[in-house]
Structures are given as structure tokens and as C-alpha cells.
Amino acid sequence: MLAKITSKNQLTLPKSVTQAVGATEYFDVEARAGQIILTPVRIQRGDAVRAKLAELNLTDDDMATAVAWARAPQAAPAIAAEPVPAYAASPCQAQKGGWQEASAQSMSAPVRVVLDTNVVLSALVFGGGLAGQVRRAWQQGVLLPLASTATVQELVRVLAYPKFRLSQLEQNELLADHLPYTETVRIPQPTPRVPECRDVLDAPFMHLAVAGRAQVLVSGDCDLLAIAAEFERASGCPILAMDTFLSIH
């Protein structure tokens, strides 16, 4: 099958070839052993925003500071609660073997996971590293992140952190790399009983884990990690740091 290259280096691919690979706008181009190799690639909507943020030399400490800023009174405009689709769920029960056993029982099913704001923010901001692995895992369907009105509101607020210098459009591009991959969970009232945490603003993530039957809660928050054992005894859901979660998973 022949394809002709023009004087302007433009190449028209045969229709049968493009149909075989599906709808693709971009290709990775590589010259190998005298051949030109075209590999279809999917450009993430947030890639350009991540490239811009990389120029700011942001660190994990900046992520923690941004979350603290978003939680401070009057740090950002209040966001009206938006209804989320109803999700029939009841508190998860303690299970022998924890989330690893549940995953083994259904290898094809994504891991139901609650990612705290610090983890999601790092995954959206950093292109590579452990955080990048987490983002690719939810985009590939390996993880199913759970979301509630409260957790999404905090994520929206934190993206407005002044040091990030993100326009509303850029904030939306990052959200588009996450929210479509989440499953929304309606938190019942009264909220599920969970252990007391030093920072009351961590409670929504535990409520979400219980109501959404999460298999694991991934967090970089010292306050949540400090009560991990107590929370797992009460709910059957472990709280793990990102590096520990990825090493096990």
C-alpha cells in the first residue's frame, strides 16, 4: 500500500489504515532502520497545562500548601453544591484480606479508591513520577476514583491557588483529566460514623470511602495516616500513602 509525500512533507494516509487505528489526531513519529514508524497517541487535555506548571518548579510542599490555602476560611470563593447522581451504597464492612483480596477476586474490575485532594492535585500537576502513575492508572481504568460533592468542591478551590497562575480554562482542562473518570457517590445523612481526625476537613474523604465502599483510601495527609489502623478496623478500608499503594498495587 503506497502513500505519497508532497513537496511540503505532507503525507496522506490511506483510509483503510486510519480506520484500522481508529479516530486519532496525533501520531508519534520515529525513524527506525530506514523506516518511518507512526504510532497513534492520545494527547491528554491537561498536558499543556502541566508543561506550564513545570516551569514553576513546583514541589510536593507546594501541593500541601495549596490544599491548606484552599481550606483556609475565605481563601477562595464558596462554590455552590451541585447535585450528584444518586448512588445506592451502604457502609463497607470489614473484610479479611482487605482490598488486596477483593482485587484478587476480580482481576478485571478497577480498584475502587478514594484519593485525597493532595494526591489528585499532584497527579494533575506533575507529568511523571508516582503521581503521574496514579493519573495514568485511573485513565486506563485500573483505578476507579470515587468523588463526592465535598471532595470535588475542595479540588476546584485548590486549583485556584494563586501560585499556580491558572486561568479558568486551564483549571477546567485539568479537571477534564480527572472528573470524567470518577464515580460520584451521594453521602447519606447523617454521615457515616468515622474516627475523629485532628483536621475535621479530612472527614469527607473517610465518609466517601465508607459510603462508596472504597477498597483503599490513598492519602499524603499525616492526620489521616495517623488514624489509618483505627479507620481500617472500623470500615475495612485501609489508608495508605501513595508510594505504599503503588508498591502493593
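Relevant structure appears above.
Keep in mind that what you see is a predicted model, and the values were worked out from it rather than measured.

Definitions and cut-offs
- Residues numbered from 1 in each chain as written.
- Predicted model: local features only at pLDDT ≥ 70, side-chain atom pairs only at ≥ 80, totals over all residues.
- Heavy atoms only, no water.
- Phe/Tyr/Trp six-rings, centres within 6.5 Å; stacked < 30°, edge-to-face > 60°.
- Helix = DSSP H or I, 4+ residues; strand = E, 2+ residues; numbered from the N terminus.
- Buried < 20%, exposed > 50% of the residue type's maximum accessible area, 1.4 Å probe, protein only.
- Salt bridge = Lys/Arg side-chain N within 4 Å of Asp/Glu carboxyl O.

Any details on the packing of aromatic side chains? Residues and values, ideally.
Summed over the entire model, instances satisfying the criterion amount to two aromatic pairs. Geometrically, the ring pair formed by Trp-69 and Tyr-161 is tilted, given 5.5 Å between the ring centres and 55° between the ring planes. Taken as a pair, Trp-69 in helix 3 (residues 60-71) and Tyr-161 in the loop between helix 7 (149-158) and helix 8 (168-176) lie far apart in primary sequence, 92 residues in all. Residue Tyr-161 is classed as buried on the basis of its relative accessible area of 13%. Ring centres 5.2 Å apart and planes at 80° place the aromatic pair Tyr-161 and Phe-164 in the edge-to-face group. Residue Phe-164 is classed as buried on the basis of its relative accessible area, which comes to 0%.

Summarise the pattern of salt bridges; cite the residues concerned and give the values.
Applying the stated criterion across every chain, the model contains nine salt bridges. Note that Asp-177 is salt-bridged to Arg-50, the shortest N-O span being 2.7 Å. Note that Asp-177 is positioned in the loop between helix 8 and strand 5 (183-184) and Arg-50 in helix 2 (residues 47-54), a separation of 127 residues in sequence. A residue is classified by how much of its surface remains accessible, and Asp-177, at 0% relative accessible area, is buried. Across the pair Asp-199 and Arg-71 runs a salt bridge whose closest N-O atoms are separated by 2.9 Å. Remark: Arg-71 occurs in helix 3 and Asp-199 occurs in the loop between strand 5 and helix 9 (203-211); sequence separation between them is 128 residues. Taking relative accessible area as the criterion, Asp-199 reaches 22% and is therefore assigned partly exposed. Take Arg-71: its relative accessible area is 16%, and that puts it in the buried class. Each member of the salt-bridge network shares a partner with another, and the members are Arg-71, Glu-154, Asp-199 and Asp-202.

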